[in-house]
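Coordinates in review
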Amino acid sequence: LRIGSDICITMRYNFCPKCGSRLTVRRIDKKDHQVCSNCGFILYENSKPCVGVLILDEDKVLLVQRAIEPFKGYWDIPGGFLDAGEHPVAGAVREIREETGLVIEPFEILDIFMDVYGQEQEPTLNICYIAKIIGGEPQAGSDVGKLHWFPIDAIPNDIAFEWEKEALELLKGRLHSSLS
């Protein structure tokens, strides 16, 4: 886990995924990494790429209520983890279809946010799109309790992730400045 420029490494894995030998910690390029004591494999831990999509209807934004942990019952920007090799736009379209039944067209990146996920505090890199609906019928997916349109000035306090709170505040500021 990175905190500023400091690195705090925890031994998350004991054995090399290549040869099965024991992993040890070694300093490489001023950073600690887990390294295989036999084959030299270096385990680089990277942020997991994710997408979130702010779907707008004038001054309202669509949020989903989480039906799974972490943050079960909290409100969430629809989205999720990208599959290996998946383009972020394709992942955004897929995730929205799975979670809401809607077909969207992302037209802008709001921003990119860093956060963590779950009990293990996995680092995530969250690409937040703004999109419009181009089809589909709204219905909650298997990991969603319900869908709800919130006025941008009445966003609930129980938002699941820190990055989403930042994104919603940024969107609110942008919408207010475009109305002035």
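Residues numbered from 1 in each chain as written. Predicted model: local features only at pLDDT ≥ 70, side-chain atom pairs only at ≥ 80, totals over all residues. Heavy atoms only, no water.

**Some details on the sheet that holds strand 4 (residues 31-36)**
What the three strands build is an open sheet, ordered 3-4-5; its pairing is antiparallel. Strands at the two margins of the open sheet, each flanked by one partner only, are strand 3 (23-28) and strand 5 (42-43). With six bridges joining them, strand 3 and strand 4 adopt antiparallel strand pairing. By the bridge assignment, L23 is partnered in strand 4 with C36. (Pairing = 2+ DSSP bridges. Helix = DSSP H or I, 4+ residues; strand = E, 2+ residues; numbered from the N terminus.)

**Considering the environment of H33**
Of note, H33 is situated in strand 4. H33 sits 128 residues away from F161 along the chain, and the two C-alpha atoms are 28 Å apart.

**A look at the packing of aromatic side chains**
Per the counting criterion, the structure on display carries six aromatic pairs. Between F71 and F161, the aromatic rings sit 5.1 Å apart at their centres with planes inclined by 80 degrees, giving edge-to-face as the arrangement. Linking F71 in the loop between strand 7 (60-66) and strand 8 (75-76) with F161 in the loop between strand 12 (144-151) and helix 2 (162-179), this pair joins segments that are 90 residues apart in sequence. Classification of F71 as partly exposed rests on a relative accessible area of 33%. Among the aromatic residues, ring-to-ring pairing joins F71, Y74, F81, Y117 and F161 into one connected group. (Phe/Tyr/Trp six-rings, centres within 6.5 Å; stacked < 30°, edge-to-face > 60°. Buried < 20%, exposed > 50% of the residue type's maximum accessible area, 1.4 Å probe, protein only.)

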